[in-house]
Amino acid sequence: MTTVIGTQGLTKRYGQLRAVDGIDLDVRAGDVYGFLGANGSGKTTTVRMLLGLVLPTSGSVQLLGEPMPRAARRVLPRVGALIEGPAHYGHLSGRANLALLDAAGPGGSRRTRTARVDTVLEQVGLAGVGRRPVKAYSLGMRQRLGLGAALLRRPELLVLDEPTNGLDPQGIHEIRDLLLDLHRGGTTVFLSSHLLAEVEQLCTRVGVLDRGRLVLQDQLATLTAPTGATIVETPDPERVRAALDGRVLRVGAGRAVVRGDDPAEVNAALVGAGVPVTGLALERPTLEEVVLAAASTSADRVDAPGERSRR
Ligand code: ATP
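Residues numbered from 1 in each chain as written. Predicted model: local features only at pLDDT ≥ 70, side-chain atom pairs only at ≥ 80, totals over all residues. Heavy atoms only, no water.

Looking up the protein in an unreviewed UniProt entry gives the name ABC transporter ATP-binding protein, with the organism given as Modestobacter versicolor. UniProt, in the comment section headed Sequence similarities (unreviewed entry), describes the protein in these words: "Belongs to the ABC transporter superfamily." (UniProt positions renumbered as here; feature names shortened; annotations may be inferred.)

Listed below in structure tokens is the structure:
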């Protein structure tokens, strides 16, 4: 797998504070990579370093195989970026803003350029309001315009800082569909988010930042792989315990968790013993459980809260 974003020991210090603390990112071609972290964990600082907007205190960054920020001029035209608070000219329309940005791009005839702007307005759901001045746009519309700007050059890689920030549920849904479409078309997507559910629904690979440290990085499917247990839904969980003595790991309201990763076998054993079963599923950890476990492990490993700046 080709590495599209790689960092080694990437660190940013602000005075005594290590905003980003020695992270090794590994984003591969074809990933939708979710970069998760609480507010203040260092996501924006990392994204800015990836794009060469902030210089690392130490460590290195490669974007599309080239060293950043040294190769910025060569690499950035192949990357679409959206970082906090996209800047637009408020008195100009969304269309005019995109046309201005497009003018710095690959060029082409007037017709080609108009078509490119139209396509992007359509993609981000602003076709109907493209002629209105941006100062009349909602936050969500501005965010979509920012995403449109990132798409003008048909980038191989999209780097998005909190792309659904400020969007209503409908807007979030549209952006998610758009990103999945782009991904199907071959674009690698790196997005930061503090929303677990968003990352769980959209991403193939996950990195978790906790107070500047990367405490987890893996494929989503690996992180949420079956645990080897089966969840039995039943009106009478205690009878599961009686029937499968020694295999019951936990009993809860209307459910029992049983050792074994073959629901059909568990079902046969319970039905044979006359236990009513209303549902069966392989147990999987949620991303939330995985993230909480990783974050608490790191809290044990590193200093107490408030001590971070003195390491
Ligand atoms: P949010 O989700 O709130 O945007 P974040 O994960 O993007 O948070 P960063 O904005 O990267 O986090 O900030 C990480 C830490 O670095 C914070 O403690 C922040 O206050 C600090 N920080 C960021 N930029 C600077 C700066 N220019 N000078 C000093 N401290 C900074």
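Draft legend 1. Local environment of the pattern of salt bridges. Summed over all chains, the structure comprises 15 salt bridges. A salt bridge links Asp-26 to Arg-28, with the nearest nitrogen and oxygen atoms 2.8 Å apart. Here Arg-28 falls in the partly exposed class, since its relative accessible area comes to 27%. Between Lys-43 and Glu-162 there is a salt bridge whose closest N-O contact spans 3.8 Å. Here Glu-162 lies in the loop between strand 8 (157-161) and helix 6 (169-184) and Lys-43 lies in helix 1 (residues 43-50), a separation of 119 residues in the sequence. Like Lys-43, the residue Glu-162 is buried in the burial classification. Several salt bridges share partner residues, and in doing so they unite Asp-26, Arg-28, Asp-31 and Arg-205 into one network. (Salt bridge = Lys/Arg side-chain N within 4 Å of Asp/Glu carboxyl O. Buried < 20%, exposed > 50% of the residue type's maximum accessible area, 1.4 Å probe, protein only. Helix = DSSP H or I, 4+ residues; strand = E, 2+ residues; numbered from the N terminus.)

Draft legend 2. Just the packing of aromatic side chains, in detail. Applying the stated criterion across every chain, the model contains two aromatic pairs. When the centroid spacing of 5.2 Å and the interplanar angle of 20 degrees are considered together, the rings of Tyr-33 and Phe-190 count as stacked. Here Tyr-33 is found in strand 4 (residues 32-37), whereas its partner Phe-190 is found in strand 9 (residues 188-193), with 157 residues between them in sequence. As far as burial versus exposure is concerned, Tyr-33 and Phe-190 are alike and both buried. Measuring from centroid to centroid gives 5.3 Å for Phe-35 and Phe-190, while their planes differ by 40 degrees, and the two rings are tilted. Here Phe-190 lies in strand 9 and Phe-35 lies in strand 4, a separation of 155 residues in the sequence. (Phe/Tyr/Trp six-rings, centres within 6.5 Å; stacked < 30°, edge-to-face > 60°.)

Draft legend 3. Structural context of the site of the ligand. The environment of the ligand is made up of 13 residues, and the closest members are Gly-40, Gly-42, Lys-43, Thr-44 and Thr-45. In this structure, an oxygen atom belonging to the ligand sits 2.7 Å away from a main-chain N or O atom of Gly-40. In the environment of the ligand, an oxygen atom lies 2.9 Å from a nitrogen or oxygen atom belonging to the backbone of Gly-42. Out of a free accessible area of 630 Å², the ligand has 60% covered by protein chains. Those elements that provide at least two residues to the shell around the ligand are strand 2 (17-23) and helix 1. Broken down by element, the residue count for the shell around the ligand peaks at three residues, all from helix 1. For the shell around the ligand, the residue count by class is four nonpolar, six polar and three charged. (Near = heavy atom within 4 Å. Polar contact = N/O pair within 3.5 Å; in protein donor to acceptor, adjacent residues only side chain to side chain. Areas by Shrake-Rupley, 256 points an atom, 1.4 Å probe, with all protein chains shown as cover. Nonpolar A, V, L, I, M, F, W, Y, C, P; charged D, E, K, R; others polar.)

Draft legend 4. Highlighting the sheet that holds strand 15 (residues 279-282). With antiparallel pairing, four strands are arranged side by side in an open sheet as 13-14-12-15. The open sheet has two free edges, formed respectively by strand 13 (248-252) and strand 15, since each of these has just one partner strand. Here the strands of the sheet are splayed against their neighbours by 20 degrees on average, with no regard to which way each runs. One ladder, built from four bridges, connects strand 13 with strand 14 (residues 255-259); its direction is antiparallel. Looking across to strand 14, one finds that Val-248 is bridged to Val-258. (Pairing = 2+ DSSP bridges. Axes fitted to C-alpha atoms, helices over the stretch in contact; angles between N-to-C directions.)

Draft legend 5. Structural context of the nonpolar core. Core analysis: the largest hydrophobic core is formed by 41 residues, its most contacted members being Leu-126, Leu-158, Leu-160, Leu-179, Val-206 and Leu-287. The residues touching Leu-158, leaving out its near neighbours within four places in the chain, are Gly-80, Ala-150, Leu-151, Leu-179, Leu-182, Thr-187, Thr-188, Val-189 and Phe-190. Leu-10, Ala-71, Ala-72 and Leu-157 belong to the second-largest nonpolar core, a separate cluster that totals 26 residues. (Core = buried A, V, L, I, M, F, W, Y, C linked by side-chain atoms within 4.5 Å. Contact = heavy atoms within 4.5 Å.)

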